[in-house]
Each structure stands twice: as C-alpha cells, then as structure tokens.
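Structural overview
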Amino acid sequence: MRYANRLTGLFAGLILSAAPAGVLAAEPIEPGAIQQESAQVVNQLLSRYHYNDRASGDDLSRAAYEAYFDALDPQRYYFTREDIDAFADRRTRLDDEVSTGRLETAYAIFERYRERVQARSDYALQLLDQGLGFEGDATFQTDRSEADWATSEQGLDRLWKRRVTHDALKQKLSGRDMDAIKESLRGRYERVARTLDQYEAEDVFQTFMSAWAGEYDPHSSYMSPRRSENFDINMRLSLEGIGALLGSEGDFVEIVELIPGGPAARSGELSAGDRIVGVGQSADDIEDVVGLRLGEVVDMIRGPKDSRVHLQILPPSEAAGSTQDTITLTRSTIELEEQAAQAEVRTVERDAGTRRIGVIEIPTFYADIAAANAGDDDYRSTTRDVRDLIDSKQLEGIDGLIIDLRGNAGGSLDEAVRLSGLFIDDGPIVQVHRRNGERRVLDDETGNAPAYDGPLGVLVDGRSASASEIFAAAMQDYGRGVIMGDQTFGKGTVQTLINLDRFGVGNEDTRSGRLKLTIAKFYRINGNSTQMQGVTPDLEMPYPHGNDAMSERAADNALPWDTIQTADYRRMNRLNGMLGELQRRHERRLREAPALRAVSDEAQRMRTAREETRVSLNEAERQAAMDRQAEARLTAINTQRKAYGQEPLGDLSELDPEAVPDVLLDESAEIIADLAELRADEGARIAGN
C-alpha cells in the first residue's frame, strides 16, 4: 500500500456534508465560486511558500493527474486504462485550470469515477445473486496499489469476482452464515455507490486539491471547512470517543494515528493502518461500514463517556493468517493527565546486587499553553513533569534512567528542546531550515545544571516521530545516552495551517477551508536531516509491530534526506567507547534469552506475513493458513509467558493484551544496567590511577 495514497485519502471524504438518504440519481457536480477562488489561492501559496521549490507547470500537472486517479481509486478496482487515457489530452492542462480556478477536468474525472463505481456496485450485486463458491485454486491480491489498471471491463469483472468472493470468505471464516453474509455485502456495495451520489462540490474539491498539494510533499493538503472543524476538535481532544484519528483509504476507513492516553492506544489491540469494517453499539449488532463516508463512521464511533463501542477490524495487510477481529472499547474524554509522563522502576538482578532502572514514559510532548500564557506558575508541561519525576522519591537512588518514546508521534517542539536541556549542560538541540536558506538554531537556554547526570537510555520505535526524533537525535549527537529500539518514523518537516479567508475566500455565509503547508525542515546539530532516515538506534530491537510501510520512507513525494552545516556543539561522550561492549552483551541475550528469541521470531513472522499479500480463495486452504499463523503467535506469546513464570494460554481468545510482558522494555533495562556497570568500572579504574 502506498503511504502517500493513504495520506491523500485521509482528507478524501473526511468531513463531507450528507445529502438525504434514498437519492436514486445525482446531478453532475460542478465547482462553485468558492472552489474556484480556493484553487487559485492554494496554488499560489504552494508555489510561493512551500519548502519544496517546485514550479507549477506541465511536470506538476502530469504528476497530479496520476495522483488524482490514485486518490479516487487507490486499489484500482474501478477505473480501466481506457478511463485513464480518456482524459490524457488534459494532462498538461491541470496547472492552467488550477491557476484560473476552472477545474473542469477534475470534476469530469470525478463524474467518470462515479459512473464506474455504480457499474461495479451493480456487478457485485449480480455476483451475490448468482452465488459464491470457496473451492478451487483461485487467489486474491489484497494490496493492488501498485497493480496495473485493468485493460478492459472484462478484466474488472474477473477482479471483482475474486474481490466479492474474498469479502464473503472473510466473513464466513469469522463465523457468519451465508444469508447474513449476502445481506451484509449487498448493503456494502449499494452503500459505496450511494455515498458518491451524496457528494457535493466541496467534497470533490477536497480530494482533488489534496492530491495536488500532495505532489509537493505528503504532509501538505487542503482541508475543507468541515475537515478543519474536526481537526480543531481533535487538537482540543474535547470530544468523547476512542482517541484515534481516522482517514479514508478507498472504500475503507483507516486508523491513521492513535492519540496517546486514549482508549484505542491503551487497549494495545489497535495500530495505525488498521481498517474499521464494522461499528456497533453492542457486540451482537455490528453494522458494516465499508463504503460509508468517513464523517458518518466517526459519528457512529463517538458517543457518551463510559459507553462501549464495538469495532470490527482488519489489519493493514490481509496476509493469509489475518483475521477480522472484534475489539470493544470504552469511550472516554482524553485528559492531559492520561497523556502526561509516567514513571516506574524496573529491577535487574546482577552478581553485584539489584540494579534499579527508572523508566519515564512520555506519550507525547505537551504543554498547557493557555495556562502558561495566563501566568500560571504551575502549568503542566512535559519538561516540568519529567523534572518532577526525576526528583521524586519513586526514582530516588536509581542506577540508570530510560526515556520511553515508543509510539510518541511528537507534539511541542519547544518541549523537545527543553526536555533535552534536562540531560545536558547547555548547547544547541535542533536546527530549523527554511526555503529561503534561513537557518535557526534552537538552544537549551536554561543555563541550569542537568536534572539527571547518570546512565541514560532512549527507547524508540517506528512510530516515534518529529519531536521524539529531535530529542533522541540530540542525545545521540551529544553522546549523552544510548538509543535503543527500531528506526524512527523519519518526519523531519514543519507544517503550518493557513486559513484561506485571510485571502478573501468565502464570506459570512460560506466558510473557507485551510491549507496545511510544509514550510521548513528539521536538522540535527550534526547537520544531518531527520527527514526520511529518522534516528537509527545504537542498539536495535526486534519489533513485531514495526512496519516500514507506515513510515516517511514509504511516502510518495517525501522530501529528501540532506545535510546542512553543523551547529557549534561539544560532545559529552558519556558512553566513552562503551557501545561495542553494550552491543556484545545485547546480542548475547538476543541469542540466549527465550523471551527475546520469541519476540524476534514473532517480528520475523509478521514481516513475512505483511509481505505476502496474495491470499487463497479456497476456504480449507485459507482456514489452514489462519490456523498456522494463530498457532505461531500463540507459541510466541506462551514462550514469553513461560520466561516470566506465567501459565501458558490455551487459546488466543484468553489473551489479555495488558498482561503481555514488555520484553523489549525489560531488555532496555538490562542494557542500561550494563551501562551503569561499565561506567562504574571506568570510574573505579580512573580512581585507581
């Protein structure tokens, strides 16, 4: 699955206004005056101020032409090559249309898309009436984002016969009978076409302009007025729900990001890329939501605090062993306290005695700006909370400290800089570089002594991004601490939101949208960008849920990695050549510790499963593959449980995600205990001399 398509899809249909149900036919959609004005303003802003100094000309026009088809039909189920070529004479006209606000081609392509979706819906219903079989040796390609467009209607017919069979088999293997399956799928395929009949001019415009902006980079996009409203709500975290940002990917609603402290993140059962195929207010009454507009699905998921919602989930890759699971979440309002830094202590037994390793988990980089601006001396922030935890009785006398940034997607840049200042004497933390060549170096300006000067580790994974990468990179560049885990996300760009009403778009009766625009890049103090490459750990860990396809490296049009001049800083070298010995001890445990071997095997199994996107449509073969995958996962979990003295599970249905041992955090504690010993030995040698 192409990550850029997912980012574009995030804004496709996210906040569309609904038309009355039961509309049988739809009039052609044409752009209104506000869309025409918005197109011109967005185009000018992108060409003048985007960090990527890309000219708006024929090359951009051709690329956006292809991107728009991909945004409408990311899995290539509806268009044929003939449809793509039908508008080929307009490929180089899109830039002229956008700059003048005409937009005829974008809306004409959408009308063709709507026709094709209706035709496919009708054909799928015919297949259901004819009956389906689950024998034979047919297979289905679950990820078609890189597939060729079908060359004919007959080719689409063959594809759709396999898709409908696949959709039915997924439900059959989840225990549903054929009558219920046919009813569910009939509603799904009818709904896909009916939803498009409810589109309005702004809906089409949002999809097209986000595809246009996405050609500059995957984080730039157009946000319609309703999408802007939902964005603000998510930033305030004021609505009660599951704590997840959702987006559209073709006919599916996907989880784009889990909000730290929310029910979805706390459950441990959901991750970015999971697709929501059903929503219910009770476990025995779950409604199929494939083909529904994203706004409708969001409304179904939201609800009163402490009430429950039941989600049917498909994983990002429907490999042979994937299952359609039902997850139950209790809705809640996400409070700052739930996102705040939390501390615990892990003990490591060594010959010289017990080592106490402190762990501070930071789900996000936060600051109560309103309270700070109001003059509240006790306002909450990441740095304040971490300092208090370091000084607390709980962490008193620790032998080492781990900053756990797994899953931390970023947040306040200022807090990342201030937090870094708790662990170094002084100096630069990060560089910000703009399109015009302006370079700004952000320093730790407190001038205070470090709050903690002992052995330090930073634990990261593929979801650690932005501000997390800035902190981890600074600790690595200064030689202050050992970075452990998986390669980070690689988001080294800075965005700003621009309200189009500032440029005269819209009026009192018609609100305008916003442009999310990339304006700068982050650079480490050693001059390397964090863009694309992120931070490579000093010591790597096997992450079962690591998925490089969800990182910046998999994104179309991602800005490149590059370098600028080095900032003026002095390495602290607190590791003093100890990384080699830390690596040897870590690798020995990876070979010998049963729990770590089980995690490593599970990581390899899941990588292999994600790569295999062709599945059998033979029921017996598919069930056998699922059984093998489930057995492998159960074996891995029970191996970990045995290593921790826990009773084995008889079945995965008995699994409590919160009770699964955090093997990688425990290995991180072992590493920092090693570091504490090595530093103690070095201190003794120095004292002896």
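Look above for the structure.
Residues numbered from 1 in each chain as written. Predicted model: local features only at pLDDT ≥ 70, side-chain atom pairs only at ≥ 80, totals over all residues. Heavy atoms only, no water.

1. Structural notes on the environment of Arg-435
Mapped onto the elements, Arg-435 comes out in the loop between strand 12 (427–434) and strand 13 (439–444). For Arg-435 and Asp-285, which are 150 residues apart along the polypeptide, the C-alpha to C-alpha distance reads 53 Å. In contact with Arg-435, other than residues within four places in its own chain, are Leu-46, Ser-47, Arg-48, Tyr-49, His-50, Tyr-51, Asn-52, Asp-53 and Ile-519. Within the structure, the side chain of Arg-435 is placed 2.8 Å from the backbone oxygen of His-50, a separation counted as a polar contact. There is a polar contact of 3.1 Å between the side chain of Arg-435 and the side chain of Asp-53. (Helix = DSSP H or I, 4+ residues; strand = E, 2+ residues; numbered from the N terminus. Contact = heavy atoms within 4.5 Å. Polar contact = N/O pair within 3.5 Å; in protein donor to acceptor, adjacent residues only side chain to side chain.)

2. Details of helix 9 (residues 201–214)
Taking 1.5 Å as the rise per residue, helix 9 with 14 residues should run 20 Å; its terminal C-alpha atoms sit 20 Å apart, in good agreement. Most of helix 9 sits inside the fold, with 14 of its 14 residues counted as buried. (Expected span 1.5 Å × (residues − 1). Buried < 20%, exposed > 50% of the residue type's maximum accessible area, 1.4 Å probe, protein only.)

3. Some details on unusual backbone geometry
Despite not being glycine, Arg-76 shows a phi value in the positive range, around 60 degrees. With respect to the secondary-structure elements, Arg-76 resides in the loop between helix 3 (58–72) and helix 4 (81–86). The buried category is assigned to Arg-76, whose relative accessible area is 11%. Here the phi dihedral of Asn-576 falls at roughly 45 degrees; this positive angle occurs in a residue that is not glycine. Mapped onto the elements, Asn-576 comes out in the loop between strand 18 (539–540) and helix 18 (579–592).

4. Quick look at the pairing of strand 12
In terms of burial, strand 12 is largely enclosed, as seven of its eight residues are buried. As defined by bridge partners, strand 12 adjoins strand 13 across six bridges and the pair is classed as antiparallel. Looking across to strand 13, one finds that Pro-428 is bridged to Asp-443. Here strand 12 folds back onto strand 13 in antiparallel fashion, the turn holding four residues, of which Gly-437 has a positive phi close to 90 degrees. (Pairing = 2+ DSSP bridges.)

5. Regarding the pattern of salt bridges
The full count for this structure, using the stated rule, is 42 salt bridges. Across the pair Asp-666 and Arg-346 runs a salt bridge whose closest N-O atoms are separated by 2.4 Å. In this pair, Asp-666 sits in helix 21 (residues 663–688) while Arg-346 sits in strand 9 (residues 342–350), placing the two residues 320 residues apart along the sequence. Arg-346 sits in the buried class, given a relative accessible area of 19%. Glu-677 serves as the salt-bridge partner of Arg-350, at 3.3 Å between the closest nitrogen and oxygen. In this pair, Arg-350 is assigned in strand 9 and Glu-677 in helix 21, connecting sequence segments 327 residues apart. Here the two residues Arg-350 and Glu-677 agree in accessibility, since each one is buried. (Salt bridge = Lys/Arg side-chain N within 4 Å of Asp/Glu carboxyl O.)

6. Description of the sheet that holds strand 14 (residues 456–460)
Spatial ordering of the open sheet is given by 9-10-11-14-15-18, a layout of six strands whose pairing is mixed. Single-partner strands in this sheet number two, and they are strand 9 and strand 18. Along the sheet face, helix 15 (residues 382–391) touches strand 9, strand 10 (353–361) and strand 11 (400–404) and points at about 165 degrees away from the line of strand 10. In this fold helix 21 packs onto strand 9, strand 10, strand 11, strand 14, strand 15 (482–485) and strand 18, with an angle of close to 65 degrees to the strand it touches most, strand 9. (Axes fitted to C-alpha atoms, helices over the stretch in contact; angles between N-to-C directions.)

7. Focus: a negative patch on the surface
On the surface, a cluster of negative charge is made up of Glu-269, Asp-325, Asp-656 and Glu-658. Relative to the helices and strands, Asp-325 is located in strand 8 (residues 325–330). (Patch = residues over 30% accessible without salt bridge, like charges linked within 9 Å, V, L, I, M, F, W, Y side chains within 5 Å. Areas by Shrake-Rupley, 256 points an atom, 1.4 Å probe, with all protein chains shown as cover. Lys, Arg positive; Asp, Glu negative; His and termini not counted. Charge placed at Lys NZ, Arg CZ, Asp CG, Glu CD.)

8. Some remarks on the environment of Arg-308
On the secondary structure map, Arg-308 appears in strand 7 (residues 308–314). In this structure Arg-308 comes out as exposed when scored by relative accessible area, which is 53%. Between the C-alpha atom of Arg-308 and that of Gln-281, which follows or precedes it by 27 residues, the distance is 6.6 Å. Here Arg-308 is in contact with Gln-281, Thr-328, Leu-329, Thr-330 and Arg-331, once residues within four sequence places are set aside.

9. Some thoughts on the packing of helix 19 (residues 594–611) against helix 21
In contact at an axis separation of 10 Å, helix 19 and helix 21 are set at 130 degrees when each is read in the N-to-C sense. When the axes of helix 19 and helix 21 are compared, the pair comes out oblique. The hand of the helix 19/helix 21 crossing is left-handed. Taken together, the residues of helix 21 that come into contact with helix 19 (itself represented by Ala-595, Leu-596 and Val-599) are Val-663, Leu-664 and Glu-667. Of the residues assigned to the contact of helix 19 with helix 21, the class counts are five nonpolar, no polar and one charged. (Parallel < 35°, antiparallel > 145°, perpendicular 65-115°, else oblique. Left-handed = near helix turned anticlockwise from the far one by under 90°. Nonpolar A, V, L, I, M, F, W, Y, C, P; charged D, E, K, R; others polar.)

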